[in-house]
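Given next are the chains, with one letter for each unit.
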Amino acid sequence: MAAIYQAVYRRASSLFCRFHSTYVRKMRYLNELKEDDSLCRRAQTSGTFYLFHNLSPFLQKVGKKYLVPQLSAAEMKRILEKFNETEQRIEKSVLIGCSDEHVPHFALDLGALEKSVIESELKGSFTDLRKALFVVDGKDSPLLASAQSLLRWHDSHQYCSKTGQPTQKNVAGSKRVCRASGITYYPQMSPVVITLVSDGSRCLLARQPSFPQGMYTALSGFCDVGENVEEAVRREVAEEVGLEVESLWYSASQHWPFPSSCLMIACHALVRAQQAEISTNSLELEEARWFGLEETVEGLKREPRSSKQDDGSFLPWFPPKQAIAHQLICEWVKQQTS
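Residues numbered from 1 in each chain as written. Predicted model: local features only at pLDDT ≥ 70, side-chain atom pairs only at ≥ 80, totals over all residues. Heavy atoms only, no water.

### Quick notes on the pattern of salt bridges
Here's step 1: Taken as a whole and judged by the stated rule, the model has 17 salt bridges.
Here's step 2: The partner of Arg-235 in a salt bridge is Glu-236, with the nearest N and O atoms 3.1 Å apart.
Here's step 3: By relative accessible area, Arg-235 is classed as buried at 18%.
Here's step 4: What makes Glu-236 buried here is its relative accessible area of 7%.
Here's step 5: The partner of Glu-239 in a salt bridge is Arg-235, and the shortest N-O contact between them spans 3.2 Å. Of this pair, Glu-239 and Arg-235 both sit in helix α8 (residues 229-241), separated by four residues, roughly a single helical turn.
Here's step 6: Several salt bridges converge on common partners, so that one network encompasses Asp-224, Glu-227, Arg-235, Glu-236 and Glu-239. (Salt bridge = Lys/Arg side-chain N within 4 Å of Asp/Glu carboxyl O. Buried < 20%, exposed > 50% of the residue type's maximum accessible area, 1.4 Å probe, protein only. Helix = DSSP H or I, 4+ residues; strand = E, 2+ residues; numbered from the N terminus.)

### Overview of the packing of aromatic side chains
Here's step 1: Going through the model one piece at a time under the given rule, you end up with six aromatic pairs.
Here's step 2: Judged by centre distance (5.3 Å) and plane angle (70 degrees), the ring pair of Tyr-216 and Phe-291 falls under edge-to-face. Taken together, the residues span a long stretch of sequence, with Tyr-216 in the loop between β12 (203-207) and β13 (219-222) and Phe-291 in strand β16 (residues 287-291) at a distance of 75 residues. As far as burial versus exposure is concerned, Tyr-216 and Phe-291 are alike and both buried.
Here's step 3: For the ring pair Trp-256 and Phe-258, a centre distance of 5.5 Å and an interplane angle of 75 degrees mean the geometry is edge-to-face. As far as burial versus exposure is concerned, Trp-256 and Phe-258 are alike and both buried. (Phe/Tyr/Trp six-rings, centres within 6.5 Å; stacked < 30°, edge-to-face > 60°.)

### A closer look at the environment of Asp-310
Here's step 1: Relative to the helices and strands, Asp-310 is located in the loop between α9 (293-301) and α10 (324-337).
Here's step 2: Using a relative accessible area of 87% as the deciding quantity, one classes Asp-310 as exposed.
Here's step 3: Separated by 194 residues in sequence, Asp-310 and Ser-116 place their C-alpha atoms 38 Å apart.

### Observations concerning the environment of Leu-39
Here's step 1: Along the chain, the position of Leu-39 falls in helix α3 (residues 37-43).
Here's step 2: Separated by 46 residues in the primary sequence, Leu-39 and Glu-85 have C-alpha atoms spaced 23 Å apart.

### Things to note about unusual backbone geometry
Here's step 1: Backbone torsion omega between Phe-258 and Pro-259 reads 0 degrees, so that peptide bond is classified as cis.
Here's step 2: Tracing the backbone through its elements, the reader meets Pro-259 in the loop between β14 (247-256) and β15 (262-270).
Here's step 3: For Leu-55, which is not a glycine, the phi torsion comes out positive at approximately 75 degrees.
Here's step 4: Following the sequence through the fold, Leu-55 ends up in the loop between β1 (48-53) and β2 (56-62).

Written as C-alpha cells, this is what we have:
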C-alpha cells in the first residue's frame, strides 16, 4: 500500500511541477532525492560523479584551461572494477546538485585507492582545493567547494557525540543518524563576517603571516555565539585594527570551505577619518594599512607572479575574482569612481 501511495504522490508531484519554473522543479527533485533513499539510489545509476582523493578534486588540463570532468555511472563502474572494488563504494558518494534536465551530480572520494594509477587512467590529476578554486571555471568552483565540505563533514562525523556509536549516512549524504540514540546530525556551516573598512577615501586591507607574500585582503573573523552580524563586524574591526565602526551595510554572501565549511557574510564598514589611526593586533595580523584609490586599482590588476620586484620585495595584490573579498574591493572602487 505504501508503495502505491508513493507512486501516486510522485505522479501528482510531477504533474504539479509542470506548472512551475525549471528552478522550482529542480529544487523539489533534489529534495526528493535527499528524503527518499531508494529514489536516490536509482539516481546514482544515471548520475554523474565528481572525483576526489583525500578531499582533493580531480582536474584535467586541456590547453591552458583546467576542466572538472563529470564521470558517468558506467565510467565509475569501470574504474571501480579495475581496482577490484564493488559498486557498493558508490554508496559513499554524496549528492551535490543536479542539472536543469534533472541529471544528479554526486561527489565521491577515492582516497583508499592508489592516486597515481587513477590519475594515469583518467589523464588528469588530483589538485589541492585552494589551487583548484582559482583555476577552474566559475560555475564549477561552488560545486567543488560544497562537495569537499560535505565529504569532510561525513569523514569527521562517523560517531555519535552522545553515545559514541557509529552514525549511518543516508544515501544522499544530507544527514547522519545514530540508531542507538535516535539523534539525526545535519551538516553545519560556521558564519564568518568579512568586512572592507573605509574612512571615506581609503580602504583598509590586511595580511596574516600565513598569506602568500604580497597578498592583502579584507578583515574577517568567526561570529561568536549569540552575536548578530552587526555586532560581529564591530567587534572584529575593534579587535584586529583598533577602530570603531560608525556605520555598516551588507553586500553579499559566499560559501567558503576553509578552514572548514563557512558562510562568508560580506559587509562594508565606515569609520571616521578623524579617528582612523590603525592599531594592529599582532596576534592575528602581520600588517594592516590604508590603501588609496589608485593603489587599490593597481592591486586589482596585479597577479601574484608579477608582484615580486627586483629587490625581492612584493607589491600588494588582492584575492582573485572567485573570492568575495575581491567583490568587496571592486564595489568600493566603483563607489569611489561613480
